[in-house]
Amino acid sequence: MSKTYDHHAIEAKWQAYWEEQRPFRALDDPGKPKFYCLDMFPYPSGSGLHVGHLEGYTATDIVSRYKRMRGFNVLHPMGWDAFGLPAEQYAVKTGIHPAITTAQNIATFKRQMKRVGLSYDWDREISTTDPDYYRWTQWIFLQLFKRGLAYVAEVPVNWCPSLGTVLANEEIVDGKSEVGGFDVIRKPMRQWVLKITAYADRLLDDLSLVEWPPSTLEMQKNWIGRSIGAEVEFGIAGMNGTIRIFTTRPDTLFGATYMVLAPEHPLVEVVTTAEQRQAVTAYREAAARKSDLQRQELDKEKTGCFTGGYAVNPVNGEKLPIWIADYVLMGYGTGAIMAVPAHDARDWAFAKTYSLPIREVIAGGNVDKEAFVETAKGLVVNSTTPDGGFSIDGLAPVAAIPKITDWLESKGKGRKAVNYKLRDWLFARQRYWGEPFPIVWVEGEARPLPEEQLPLTLPETSNFKPSGSGESPLANLEDWLVTMEPLSGKPARRETNTMPQWAGSCWYYLRFIDPNNSAQLVDPAKERYWMPVDLYIGGSEHAVLHLLYSRFWHKVLFDIGVVSTPEPFKKLVHQGIVLGEDNQKMSKSRGNVVNPDEMMDQFGADAVRLYEMFMGPLEAMKPWSTRGVEGVTRFLERVWRLMVNEEGRLSGAVVSSAPGLEHQRLLHQTIKKVTEDIEHLRFNTAISQMMVFTNEMTKAEQRSRALIEPFVLLLSPFAPHLAEELWGILGHRPSVSQQPWPVFDPALTVSDRLTIPVQINGKLRGKIEVGTDAAREQVESLARAQAAEWLQGKEPRKVVYVEKKLINFVI
RNA sequence: GCGAGAGUGGCGGAACUGGCAGACGCGCGAGACUUAGGAUCUCGUGGGUAACCGUGGGGGUUCGAGUCCCCCCUCUCGCACCA
């Protein structure tokens, strides 16, 4: 019985060694360059890790191991985003406390991660559900509250009767709850809201400071949605008061032919005439009944209703009919618009439906056929005040916009204005399993708890059912609920909302730096050393919300001096989605879910790691292939046999004598390629180069240590267990992870012979081999001989010679 | 509709700033060693008998295009009446 590569024994052996020696601890050593390598920490679900998690985790693990070998002090931590709805719903069903299920799930995740050989510094493990952690989540909330960035508002929220909770917009898909698919209705409720809009400009502008995927930057920009324009005051005919509108196109002000208010706009009451009241009321009620889903239907006909009232255009005194229509949203701008059908597609469609006039004020299109909306083309026309005192005629829109804005301002009729799509952040959930707010209510007023009384812990209970009133299950717990205000001693009632899951994940990267600090969120010196996160890898599903909310909190912490960098995450990469073998999204119902434990049982952790990286580019969506795992397993076995004989001892083929030049070149090319590929996260091509190296060495009868040993080091971030074992068999003491990374000699990465392709009219007709120092004349004459058949003795019209690359005869 | 990204063998994917298309792996074929092989090793493998043709389709620039420019098609992701 020959001893072959036994991944079970080898992986168990080295995992036990790492457990005992803990070589991956990050020490706060300011003398060493640091590298902070972070994964998006998971919600520990009941189903355990899936192969998609593993892709990102393996990538950061390879980078971390590589950076350590390059002499960096690497912070590579892991923790748990463990508050959240699933554990609570499970508790409602079974009565099992969420803390228990959460602990079990964490144990599963951790076991699996260790089994993959991920080199986390487990001494820094954190969970958002730990009172020592959420104490500081609550502390940050208090800072927000003190700075006026957290306020209470009566907001119509997405109330889901089945879940007994309010959902954020992002938790609703197609009008149904994301979890469970239940109906959602609008209901006004008292809510905590965070004033993220106060940071809109900085959140937008500071995107220039980070190295993120272009799509993610774009999504954040669109989400913030800054648009610059003007606010303009329109008088109301026959009465006092004005309608204030926002427009990005003040240059089209002379083209306004009607006004539209959102159905919910407070001025609707004021401008509606007696004759129109009945119709207006009916329309408003119909609009209110429409669900969000219905209002979002796009290509539907635009509807509206005339109010009977008129507004006065401040530039020309024209009377404009005031309509209401649900295509104008109360939540954006001022909830009112001037309608310029000639130059806005929505207004154009509305005007056509209700036969309202369309007046061209930017020449260049055909406004009878469609709205002409391009600002880059066309010139302003028909835009002079009746008295002739002001005109923007003949200007390009870009020039007209500032001119008319200034004029409006000078007349007190308007001003430059900026609007954002971004809304303040609804920061409350009617749930048990979340961070309690450190707030008590005294005589209808919110009072913060003193910081030294934190954490305010979740009360013990066995009843997780919603209170039914819309308040969280905490409202059922009298003993906890009824308290007194610490300072005044007045009777008080605790806030029953809890924080959304985003809260804990907003700042966890800071706590990893100093996880056990009981006096501060993070020690400032440590923070300055470790921040920012150098590499952050996680799914693109967090491209907007988590990453925007984190950035917001980070900037607040920056303003109060807790952190030293304006942005938390310098470089961000999203791993791609791993599809099932059938090229479909993995799902239980399709039965195509790949279980990492089963894969590791069969092929071992190193093979699974390697395959995860070999599948294709990190960021691409790609299907799983168990055959592919077999392929990389064969590669690992070949590596094993390269240096281990059938008795499991060092192979006789491994020799101490110096390697041949060609083999040395191959080694140095491999070092170069693997090094550069890891730096650029191109793991698939790094692995393919190691395969090339292995294939070559397999052919060699004698394998010099000077080749084999550096190769084991190159392999070690990818297949750390195997590399440790081979390092031992080669006669070295552990650990391979503490060896310096091999360096390449640039002179040895190039060959002294070159193959030059010979082309005729750009078509490949032959190849010649020359020395690297061959002169042009020499190359050309060899090439002419090579291509004689094609040249037929004629002199080419032109000879293109690219040094060391190619020669092309044009005939 | 708008924005971002991507289309390369039977499959996953390589190809640096324009310069040998298809590295590496899977699959497939042949052979070797074997009592045996779904192990291992070696060789072959884009299409076509060939001239030639080939990187989603059509134009263009260039001595030369997967790569650059224009038009079109398809797919993925995000946004979705944001004035």
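If you're wondering where the values come from, they're calculated on a predicted model, not measured in any experiment. (Residues numbered from 1 in each chain as written. Chains lettered and ligands numbered in written order. Predicted model: local features only at pLDDT ≥ 70, side-chain atom pairs only at ≥ 80, totals over all residues. Heavy atoms only, no water.)

Draft legend 1. Molecular detail of the overall build of chain A. From N to C terminus, chain A includes 26 helices and 33 strands. Projected onto the principal axes, the alpha-carbon positions of chain A cover approximately 100 × 90 × 50 Å. For chain A, the residues scored as buried account for 54% of the 811 residues in total. Expressed as a percentage of contacts within chain A between residues at least 6 apart in sequence, the contacts between residues at least 24 apart total 71%. (Helix = DSSP H or I, 4+ residues; strand = E, 2+ residues; numbered from the N terminus. Buried < 20%, exposed > 50% of the residue type's maximum accessible area, 1.4 Å probe, protein only. Contact = heavy atoms within 4.5 Å.)

Draft legend 2. Highlighting the packing of aromatic side chains. Evaluation of the coordinates by the stated rule reveals 47 aromatic pairs. Summarising the aromatic geometry, the rings of Tyr-529 and Trp-530 are spaced 4.8 Å apart at their centres and angled 70 degrees between planes, so their arrangement reads as edge-to-face. Accessibility expressed as a relative area gives 16% for Tyr-529, which makes it buried. Lys-319 extends its terminal NZ or CZ atom over the ring of Tyr-310, reaching a point 4.9 Å from the ring centre. A cation sits over an aromatic face here: Arg-494 above Trp-480, 5.4 Å from the ring centre. (Phe/Tyr/Trp six-rings, centres within 6.5 Å; stacked < 30°, edge-to-face > 60°. Lys NZ or Arg CZ within 6 Å of the ring centre and 35° of its normal.)

Draft legend 3. View of the environment of Met-586. Note on placement: Met-586 falls in the loop between strand S26 (578-579) and helix H18 (596-603). For Met-586, a relative accessible area of 19% puts it in the buried group. Taking the C-alpha atoms as reference points, Met-586 and Ala-543, separated by 43 residues in sequence, lie 21 Å from one another. Beyond its immediate chain neighbours, meaning those up to four positions away, Met-586 contacts Val-51, Val-578, Leu-579, Gly-580, Asn-592, Val-593, Val-594 and Trp-624.

Draft legend 4. Quick look at the packing of helix H4 (residues 98-116) against H18. Packing of H4 against H18 brings their axes to within 11 Å, and their N-to-C directions diverge by 35 degrees. Like other packed secondary-structure pairs, H4 and H18 cross with a definite hand, here left-handed. Where H4 abuts H18, its residues Arg-111, Gln-112, Arg-115 and Val-116 lie against Asp-597, Met-600 and Asp-601. A class-by-class count of the residues in the contact of H4 with H18 yields 2 nonpolar, 1 polar and 4 charged. (Axes fitted to C-alpha atoms, helices over the stretch in contact; angles between N-to-C directions. Left-handed = near helix turned anticlockwise from the far one by under 90°. Nonpolar A, V, L, I, M, F, W, Y, C, P; charged D, E, K, R; others polar.)

Draft legend 5. Helix H11 (residues 345-354), seen in detail. Buried within H11 are the following residues: Asp-347, Trp-348, Phe-350 and Ala-351. All buried residues of H11 lie within an arc of 165 degrees about the axis, which places them on one face of the element. Packed against the buried residues of H11 are strand S12 (258-261), strand S13 (304-312), strand S14 (319-325) and strand S15 (336-339). Downstream of H11 by one or two residues, Ser-355 has phi in the positive range, about 55 degrees. (Arc of directions from axis to C-beta.)

Draft legend 6. Quick peek at the sheet that holds strand S2 (residues 73-75). Across the sheet, which stays open at both edges, the 4 strands sit in the order S2-S1-S24-S25 with parallel pairing between neighbours. Single-partner strands in this sheet number two, and they are S2 and strand S25 (569-573). Averaged over all adjacent pairs, the angle separating strand axes in this sheet is 25 degrees, with direction ignored. (Pairing = 2+ DSSP bridges.)

Draft legend 7. Summary view of the pattern of salt bridges. In this structure the tally under the stated criterion is 50 salt bridges. Between Arg-665 and Glu-662 there is a salt bridge, and its shortest N-O distance comes to 2.7 Å. Taken together, the residues Arg-665 and Glu-662, both in helix H21 (residues 661-679) and 3 residues apart, mark about one turn of the helix. Owing to a relative accessible area of 51%, Glu-662 belongs among the exposed residues under this scheme. (Salt bridge = Lys/Arg side-chain N within 4 Å of Asp/Glu carboxyl O.)

Draft legend 8. Representation of a nonpolar patch on the surface. Together, Tyr-90, Ile-96 and Ile-100 line one region of the surface with nonpolar side chains, adding up to about 250 Å² of accessible area. With respect to the element layout, Ile-96 can be found in the loop between helix H3 (85-94) and H4. The exposure class of Ile-96 is partly exposed, given its relative accessible area of 34%. (Patch = residues over 30% accessible without salt bridge, like charges linked within 9 Å, V, L, I, M, F, W, Y side chains within 5 Å. Areas by Shrake-Rupley, 256 points an atom, 1.4 Å probe, with all protein chains shown as cover.)

Draft legend 9. Inspection of the side chain of Ser-119 at higher detail. Relative to the assigned elements, Ser-119 resides in the loop between H4 and strand S4 (126-127). Ser-119 sits in the buried class, given a relative accessible area of 0%. Among all residues touching Ser-119, those that are not within four sequence positions of it are Phe-24, Asp-61, Ser-64, Arg-65, Arg-68 and His-76.

Draft legend 10. Structural view of the nonpolar core. Core analysis: the largest hydrophobic core is formed by 154 residues, its most contacted members being Trp-553 and Trp-624. Phe-234, Ala-256, Val-315 and Leu-356 belong to the second-largest nonpolar core, a separate cluster that totals 49 residues. (Core = buried A, V, L, I, M, F, W, Y, C linked by side-chain atoms within 4.5 Å.)

Draft legend 11. Spatial organisation of unusual backbone geometry. Omega for the bond connecting Leu-454 with Pro-455 falls within 30 degrees of zero, at 0 degrees, which places this linkage in the cis form. Positionally, Pro-455 belongs in the loop between strand S21 (445-448) and helix H13 (478-481). In this chain, Pro-734 is followed by Ser-735 through a cis amide linkage whose omega measures 5 degrees. A positive phi angle, close to 70 degrees, is found at Asn-583, a residue other than glycine.

Draft legend 12. Geometry of the sheet that holds strand S22 (residues 482-484). Ordered by their spatial adjacency, 4 strands build an open sheet running S21-S20-S23-S22, and the pairing between neighbours is antiparallel. Both edges of this open sheet fall to S21 and S22, since each of them pairs with a single strand only. Each strand of the sheet is rotated relative to its neighbour by a mean of 45 degrees, with strand direction disregarded. Two strands pair when backbone bridges link them, and strand S20 (residues 439-442) and strand S23 (residues 491-494) are joined in this way by 2 bridges, in the antiparallel orientation. Following the sheet pairing, Trp-441 is matched in S23 by Arg-493.

Draft legend 13. The arrangement of the side chain of Thr-137 in detail. For Thr-137, the location among the structural elements is in helix H5 (residues 131-146). Setting aside chain neighbours within four positions, we find Thr-137 in contact with Glu-435, Met-499, Ala-503, Gly-504, Trp-507 and Trp-553.

Draft legend 14. Quick peek at the environment of Asp-479. Within the secondary structure, Asp-479 sits in helix H13. Exposure remark for Asp-479: the relative accessible area of 76% places this residue in the exposed category. With 22 residues separating them in the primary sequence, Asp-479 and Thr-457 have C-alpha atoms 13 Å apart.

Draft legend 15. The arrangement of the pairing of strand S1 (residues 34-39) in detail. Summarising burial for S1: 6 of the 6 residues are buried, a large majority. Side chains of S1 alternate between two faces, with Lys-34, Tyr-36 and Leu-38 and Phe-35, Cys-37 and Asp-39 buried alike. Summarising the sheet, S1 and S2 pair through 3 bridges and their orientation is parallel. In the sheet register, Tyr-36 faces S2, and the bridge partner there is Leu-75. Each parallel crossover has a hand, and the one from S1 via helix H2 (residues 51-69) to S2 is right-handed. (Right-handed = clockwise from strand over helix to strand, strands pointing away.)

Everything listed here is a matter of geometry and, on its own, says nothing about what the molecule does.
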